[in-house]
Structure formats: structure tokens, C-alpha cells
Amino acid sequence: MSSPEKSIDVSVSADAVWAVLADGWLYPLWVVGATHMRAVDDDWPAVGSQLHHSVGVWPFQLSDSTTVLDVAPGRMLTLQAKAWPAGTARVEIRLEPTPEGCRIHMAEEADRGIGWLVPSVVQAPGIRLRNSEALARLRDVAEHRHHR
């Protein structure tokens, strides 16, 4: 993936972070822009399964979905996230065990639609900011969920 990668260290295991990623109902807690879950496919996060969510602020919400493109349970999840009307983005999340817990890596790039026409250098600052926030949220959910 050619987009800038962001990473964050967390104090819980890769298994604890994976438990958050594997629970599709938690998606709006850590994904910037997702505001409401409507449904989660029974086989989430299997390849081809989808999350059905809303983006935007009520009453101006749009129905959207995110699809699993590739998965290595406990280690990696690649998603195709819709970003209507801009198109879709490919998002890769990798988990790397560390002595203190794990490191979460996230990379994203537009892969279809209008967003794909925008040069990477123009996309990168916004993607970096959004992914930094998403990683911080994912860390918080994984660490606090683990410690209950």
C-alpha cells in the first residue's frame, strides 16, 4: 500500500485488539465518520462479509457499508470502505506483537471513484489525521474493554 502508514503502541495484546476488530458492532466507536451500526454480517470478519453502517450526523446520515477484502485472523484486516460520494478506500490494519502489548499499523488509500483521482500528496495529510484519531480510538476501546 503506497499511502502513509500510521501506527500506535497499545498496552494490550494483539488478541485484545483483534477482539475489537472482530466485533463489527464496535466499528463506530473507533472509525472516524461512522456514526451508527445498522447490521453486521454473521460471518464478520470473513472475506466478503460486510458492516452496514451510517455516516454523517442525524438527520443527514447516509447508509454505507464496509467490506472485508482480506483477513489473517489476529494479525491483519484489509477493508474496502465506501466514502460516498468520493468513492472507496482500501484500509489495511496490521497487528504486531510487542513486549509491552502490540503495535497497530494502519494504511489507507483511495482505490475507486473521484477520490482515486486526487493525488496521494493531496490526500495524505487528511488521511494521516483521520487515521491518527482512529488508531487512538481503537487503542482506547481495546485497552478499556480489556480491563473491565
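Chains are numbered independently. Their residues run from 1 in the order of the written sequence. Totals for whole chains, interfaces and linings use every residue, but because this is a predicted model, local features are given only for residues with pLDDT of at least 70 and side-chain atom pairs only at 80 or more, for both listing and counting. Heavy atoms from the whole structure form the basis of all side-chain values; hydrogens and water molecules are not counted.

1. What about the overall build of the protein chain?
So, point 1. When its secondary structure is counted, the protein chain shows four helices and seven strands.
So, point 2. Listing each helix as α and each strand as β along the protein chain from the N terminus yields β-α-α-β-β-β-β-β-β-α-α.
So, point 3. Only protein chains enter the area calculation, which uses a 1.4 Å probe; residues under 20% of their type maximum are buried, those over 50% are exposed, and those in between are partly exposed. Here the protein chain holds 148 residues, and the buried ones make up 45% of them.
So, point 4. Residue pairs at least 24 apart in sequence account for 46% of intrachain contacts in the protein chain once pairs closer than 6 positions are excluded.
So, point 5. As displayed, the protein chain has an accessible area near 8,000 Å², and 56% of this comes from carbon and sulfur atoms. By the criteria applied, helices consist of DSSP H or I runs no shorter than four residues and strands consist of E runs no shorter than two, each listed in order from the N terminus. Here a residue-residue contact requires only that any non-hydrogen atoms of the pair lie within 4.5 Å. The Shrake-Rupley method, run with a 1.4 Å probe sphere, supplies the accessible areas, and residue values consider only the shown protein chains as cover.

2. Observations regarding the nonpolar core
Generally speaking, soluble globular proteins have nonpolar side chains that are buried together.
So, point 1. Residues Val17, Leu21, Tyr27, Trp30, Ile93, Leu95 and Ile104 are the most contacted members of the largest nonpolar core, which totals 33 residues.
So, point 2. No other element matches helix H1 (residues 14-21), which puts six residues into this core.
So, point 3. In this structure, Tyr27 is in contact with Ala34, Met37, Leu51, His53, Thr66, Leu79 and Ala81, ignoring residues within four places of it in sequence. To qualify as a nonpolar core, a set must consist of buried Ala, Val, Leu, Ile, Met, Phe, Trp, Tyr and Cys residues joined through side-chain atoms within 4.5 Å.

3. Here we look at the packing of aromatic side chains
So, point 1. Here a pair means two rings of Phe, Tyr or Trp (six-membered ring of Trp) with centres within 6.5 Å. Their orientation is stacked below 30 degrees between planes, edge-to-face above 60, and tilted elsewhere. One pass over the full model with this rule turns up one aromatic pair.
So, point 2. Between the aromatic rings of Tyr27 and Trp30, the centroid separation amounts to 5.7 Å while the plane-to-plane angle is 75 degrees, which identifies the pairing as edge-to-face. Here the residue Tyr27 and the residue Trp30 both occupy positions in helix H2 (residues 27-30), the gap between them amounting to three residues, near one helical turn. Neither Tyr27 nor Trp30 differs from the other in exposure class; each is buried.

4. Topic: the pattern of salt bridges
So, point 1. Salt bridges are defined as contacts in which a side-chain nitrogen from Lys or Arg sits within 4 Å of a carboxyl oxygen from Asp or Glu. This structure, assessed with the given rule, holds eight salt bridges.
So, point 2. Put simply, Arg103 and Asp9 hold a salt bridge, and the shortest N to O gap is 2.6 Å. A residue pair is termed long-range when its members are at least 10 positions apart, and Arg103 in strand E7 (residues 101-112) and Asp9 in strand E1 (residues 5-10) qualify at 94 residues.
So, point 3. Here Asp140 makes a salt bridge to Arg139, at a shortest N to O gap of 3.2 Å.
So, point 4. Take Arg139: its relative accessible area is 24%, and that puts it in the partly exposed class.

5. A few points about H1
So, point 1. Of all eight residues in H1, six are buried, a share of seventy percent or more.
So, point 2. All of the buried residues in H1 are Ala14, Ala16, Val17, Trp18, Val20 and Leu21.

6. Some remarks on the side chain of His52
So, point 1. You can see His52 is positioned in strand E3 (residues 50-55).
So, point 2. Here a polar contact is recorded for every N or O atom pair within 3.5 Å, except that within protein the pair must consist of a potential hydrogen donor and a potential acceptor, and residues adjacent in sequence are included only if both atoms are side-chain atoms. Within polar-contact distance, the side chain of His52 engages the side chain of Asp41 at 3.0 Å.
So, point 3. Every residue in contact with His52, bar those within four places of it in the chain, is listed here: His36, Met37, Arg38, Ala39, Asp41, Asp64 and Ser65.

7. Let's talk about the environment of Leu69
So, point 1. Mapped onto the fold, Leu69 is located in strand E4 (residues 62-72).
So, point 2. Leu69 gets classed as partly exposed once you look at its relative accessible area, which sits at 31%.
So, point 3. Distance in space between the C-alpha atoms of Leu69 and Val91 is 9.4 Å, their sequence separation being 22 residues.
So, point 4. In this structure, Leu69 is in contact with Val47, Thr78, Leu79, Gln80 and Arg90, ignoring residues within four places of it in sequence.

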